[in-house]
Amino acid sequence: MSTPLLSPHFTVAETLRQEKETSRVFIAHKTACVGCYLAHFCTLEDVAKTYGFPLEDFLSGLQSEAQTNYFTGVQNEKQV
Amino acid sequence: MGISRKDLKQVIVFQNATDDDLNQIIQNSITRSLEEGEFFFLQGDPANYLYVLVNGQVKLLQTNPSGQQVNLRTIYPRQMFGALGAVREQADYPASAQALENSSALAIKSAFLHEMMETRPYLSFDLMKLMTSYIQEMQSRYRELATERVEQRIARALLRLTVQSGQKVDEGIDLAFSRQDLAEMSGTTLYTVSRVLADWERQGLIRAGREQIHITNPHGVVRIAEGLEK
């Protein structure tokens, strides 16, 4: 079973919809993206550019949060 | 131009309707086509029909006794407007509905929808969803008027318009609207809107045309709207 992959072209809204736990990463990076009016317009690439942090680091942070959540979710499902 | 069952199903209030219900709604309605500037209804008219916009754009506006207008919202295709009469008997429209461009709308008899609601709970729930979203929006706008400075209110109104009708382009977001609409939505004057937009243009946040705007720095506008530090 593969973990969902986040692309730089995903919008903030798509990312949060797919993996809501990634909100922690947006907040940890001190962005105002969670709850923003423009979440449907800004891509992850736009976010990294706007706030001036490396896209790769940002994406891997999001990916790792998504992955942690994904596997925890799978484990919880098995327990149920 | 009419509306198909498929299109009608995209209207929030009809999203759970059966094909049979949708057919009945279509049978009990007429299509009204208006030219730009004409009114579907006027504030104070009996709310005998509710409307679903098929194409074009419609502005809902309220006028006070001295003739000052406030733009309440802009309606886009497949959105419902003027539904008060379906909920409350002998209601009058609280606002006027003016076509911003050549527009067509399905006019459904309020009494007919009211009758349907009595036996179809989904209609009441879905109408409540629409109403509560309007109430939330109005509460936010009231809070803005009561507590926020004008630049912040204009930024928020601009972002609301962006969410409704913005188009993402290579370098930013494009949207079409008039400065008068923005002034009415943010509870200020045309003069103030023009002054603020000119200032934002100098800061490189936007490029403003006559009836359109290009947001070159969306985050800059969010920063103003949310009162964030630079």
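This one's a predicted model, so the numbers in the text were calculated from it and none came from an experiment. (Residues numbered from 1 in each chain as written. Chains lettered and ligands numbered in written order. Predicted model: local features only at pLDDT ≥ 70, side-chain atom pairs only at ≥ 80, totals over all residues. Heavy atoms only, no water.)

**Some thoughts on the overall build of chain A**
Counting secondary structure elements, chain A contains four helices and zero strands. The buried share among the 80 residues of chain A stands at 41%. Of the roughly 4,800 Å² that chain A leaves accessible, carbon and sulfur atoms contribute 54%. (Helix = DSSP H or I, 4+ residues; strand = E, 2+ residues; numbered from the N terminus. Buried < 20%, exposed > 50% of the residue type's maximum accessible area, 1.4 Å probe, protein only. Areas by Shrake-Rupley, 256 points an atom, 1.4 Å probe, with all protein chains shown as cover.)

**Brief notes about helix 3 (residues 44–51) of chain A**
An α-helical turn contains 3.6 residues, so a residue and the one three or four places further along point in the same direction. Residues and elements named next belong to chain A. Listed as buried for helix 3 are Leu44, Val47 and Ala48. All buried residues of helix 3 project into a common sector of 95° when viewed along the axis, lining one side. Where helix 3 ends, the next residue or the one after it, Gly52, has phi of about 70°, a positive value. (Arc of directions from axis to C-beta.)

**Some thoughts on the pattern of salt bridges**
A full pass over the atoms with the stated rule returns 13 salt bridges over all chains. Two residues, A:Glu21 and A:Arg24, come together in a salt bridge whose shortest N-O distance is 2.9 Å. In this structure, B:Asp19 and B:Arg5 form a salt bridge, with 3.8 Å as the shortest nitrogen-oxygen distance. With a gap of 14 residues between them, B:Asp19 in helix 2 (residues 19–27) and B:Arg5 in helix 1 (residues 5–9) connect regions that are remote in the sequence. Ionic contacts of the salt-bridge type, sharing partners, join the residues A:Glu21, A:Arg24 and A:Glu65 into one network. (Salt bridge = Lys/Arg side-chain N within 4 Å of Asp/Glu carboxyl O.)

**Section: the pairing of strand 8 (residues 103–109) of chain B**
Successive side chains on a regular strand alternate, one facing one side of the sheet and the next facing the other. Residues and elements named next belong to chain B. With respect to burial, strand 8 is a largely interior element, six of its seven residues being buried. Of the pairings in the sheet, the one linking strand 1 (residues 29–34) to strand 8 comprises six bridges and is antiparallel in character. Pairing of Leu34 across the sheet is with Ser103, part of strand 8. The pairing of strand 3 (residues 49–55) with strand 8 spans six bridges and is antiparallel. What sits directly across from Asn55, in strand 8, is Ser104. (Pairing = 2+ DSSP bridges.)

**Brief notes about the sheet that holds strand 6 (residues 80–81) of chain B**
All names here are of chain B. Strand order in the open sheet formed by four strands is 1-8-3-6, with antiparallel pairing between adjacent strands. Edge strands, defined here as strands with exactly one partner in the open sheet, are strand 1 and strand 6. The sheet contact formed by strand 3 and strand 6 spans two bridges and is antiparallel. For Val52, the partnering residue across the bridge sits in strand 6 and is Met80. Relative to the sheet, helix 4 (residues 110–119) contacts strand 3 and strand 8, its axis offset from that of strand 8 by approximately 55°. (Contact = heavy atoms within 4.5 Å. Axes fitted to C-alpha atoms, helices over the stretch in contact; angles between N-to-C directions.)

**Things to note about the side chain of B:Thr162**
For B:Thr162, the position within the fold is in helix 6 (residues 150–165). Among the residues examined, B:Thr162 registers a relative accessible area of 0% and is labelled buried. At a separation of 2.7 Å, a polar atom in the side chain of B:Thr162 contacts the main-chain carbonyl oxygen of B:Leu158. Ignoring any residue separated from it by four or fewer positions in sequence, one finds B:Thr162 in contact with A:Leu38, A:Phe41, B:Ile173, B:Leu175 and B:Ile215. (Polar contact = N/O pair within 3.5 Å; in protein donor to acceptor, adjacent residues only side chain to side chain.)

Take it as geometry only, folks, not as evidence of what the structure does.
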